[in-house]
Structures are given as C-alpha cells and as structure tokens.
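# Understanding the architecture of this molecule
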Amino acid sequence: MLQTSLTKRFKGRFHPMQMPTYDLMMQEDMMNNCGVKSAIAGVMGGALGVAFGVFTASLDTQGIDAAPMGETKPTRQVLKETWMLMKEKSKSYAKGFAGMGFLYSGTECMIEKYRAKHDNWNATLAGCATGGLMAAPGGPKAMCFGCASFAAFSTAIEYFTGGH
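Overview of the structure.

### Quick notes on the layout of surface pockets
Counted as a void, the largest pocket has a volume near 320 Å³. Y104, E108, S154, I157 and E158 are the residues nearest the centre of the largest pocket, which is lined by 15 residues in total. The biggest single contributor to the lining of the largest pocket is helix 4 (residues 75–115), with seven residues. Taken together, the residues that form the lining of the largest pocket break down as six nonpolar, five polar and four charged.

Here it is in structure tokens:
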C-alpha cells in the first residue's frame, strides 16, 4: 500500500461503514412519522408543564387563604391548600404545554415533509401556524400577533441553537 502523509496522519481513525440492521431501519422510520413525533412532543410538553406548574405554585401565595389576624393555620391545612394549588396549576400548565408541543411538532413535521426541505423556514412557518391556531379564540388580530410572535420566537430558537 502506498504510504502518503495523509494515510499516516489518519491511520486508525476511519472504520469500515456497516449497513444498518432491519431493527435500526424500522426505528428510524418510526421516528420519522409525524404522529409519533407529535405524540412524543405532547408527552414531553405535558411533563414540562407539570414541572413548571409545581415550581410556579411553590412561589405563589395568592391561592392560599390567609388566617385571620392573630391566628395561625395548622401546618396540615397549609400543606393541603398548597398541594391543591400545585395540582391545579400543574394541570393547567401541562395541558397548555402538551397542546403547544403537539401542535408545533406536528405542524413542523408536516411542513418539512410537504416542502421536502430541512431548513429554518420550517420552524418559522410552523411557529406562525401554531401561534395563530393557539390564539384563534381571541379573533383575527390575536391570531396575527400570535403568528408573528411565535414565528419570531421559533426562528430565534432555530438560529441560536443551530437547528438546521
């Protein structure tokens, strides 16, 4: 074999390429499915929402009834009220984050498949669609603002994380 400076420099760094197994190909096909991506994003968004709800409820004292002046509440009662507040906030945040994750991920996947391109425009368009759909109950003005703000946020995240 001819020994050049390149073969000496890269000796031992390259390995023969192996064909993927059937299981690996099936796994990749499953993860390229928009429904699976959306479901995973929804579940992870829900989990993040629960964590966010617990955190914000632990800082919030508005939902806990104050004891009358000069009296103290039993610890058990305070813990019960705190638990109820955490449960309520966690449920609310989990629904919002799960819905947002499901909608955004599914929209981005469908746009990417339709355009047959993997670039930053997919995130921008998906952000606009998601923001507009989530703001739909507020009317057309809210939908426009939701589209613009969510698209800008998605584009910024893609840009700063180097997504594509």
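### Let's talk about the state of the cysteines
Any covalent bond linking the sulfur atoms of two cysteines counts as a disulfide. Per the counting criterion, the structure on display carries two disulfides. Shown here is the disulfide that connects C34 with C109, its sulfur atoms set 2.1 Å apart. Because the sign of the S-S torsion sets the handedness, a value of about -80° for the bond joining C34 and C109 places this disulfide among the left-handed ones. With C34 in helix 3 (residues 34–59) and C109 in helix 4, the pair connects residues that are 75 residues apart, well separated along the chain. For C109, a relative accessible area of 5% gives the class buried. A sulfur-sulfur distance of 1.8 Å marks the disulfide that ties C128 to C147. Here the disulfide of C128 and C147 is left-handed, its torsion about the S-S bond being about -80°. Here the residue C128 occupies a position in helix 5 (residues 120–134), and C147 occupies one in helix 6 (residues 140–161), the gap between them amounting to 19 residues. Among the cysteines of the chain that take part in disulfides, numbered as they appear in the sequence, the pairing is 1-2, 3-4. Cysteine C144 remains unbridged, with the sulfur of C147 as its closest cysteine sulfur at 7.1 Å. Take C144: its relative accessible area is 55%, and that puts it in the exposed class.

### Focus: the environment of A152
Tracing the sequence through the fold places A152 in helix 6. Owing to a relative accessible area of 48%, A152 belongs among the partly exposed residues under this scheme. In this structure, the C-alpha to C-alpha distance between A152 and A123, residues 29 residues apart in sequence, is 9.5 Å.

### Details of the packing of aromatic side chains
A complete count under the given rule lists six aromatic pairs for this structure. Centroid distance F52 to F97: 5.8 Å. Interplanar angle 45°. Geometry classified as tilted. Here F52, found in helix 3, pairs with F97, found in helix 4; they are 45 residues apart in sequence, far enough to count as distant. Residue F52 is classed as partly exposed on the basis of its relative accessible area, which comes to 37%. A relative accessible area of 26% means that F97 is categorised as partly exposed. Look at Y159 and F160: their rings are 5.1 Å apart centre to centre, the planes differ by 75°, and that puts the pair in the edge-to-face class. For F160, a relative accessible area of 68% translates into the label exposed.

Definitions and cut-offs
Residues numbered from 1 in each chain as written. Predicted model: local features only at pLDDT ≥ 70, side-chain atom pairs only at ≥ 80, totals over all residues. Heavy atoms only, no water. 1 Å grid on protein atoms, 1.4 Å probe; cavity = no way out; pocket = protein on both sides within 12 Å on 5 of 7 lines; lining within 4 Å. Points joined across faces, edges and corners; volume = space filled by probe spheres on them. Helix = DSSP H or I, 4+ residues; strand = E, 2+ residues; numbered from the N terminus. Nonpolar A, V, L, I, M, F, W, Y, C, P; charged D, E, K, R; others polar. Disulfide = S-S within 2.5 Å. Buried < 20%, exposed > 50% of the residue type's maximum accessible area, 1.4 Å probe, protein only. Phe/Tyr/Trp six-rings, centres within 6.5 Å; stacked < 30°, edge-to-face > 60°.

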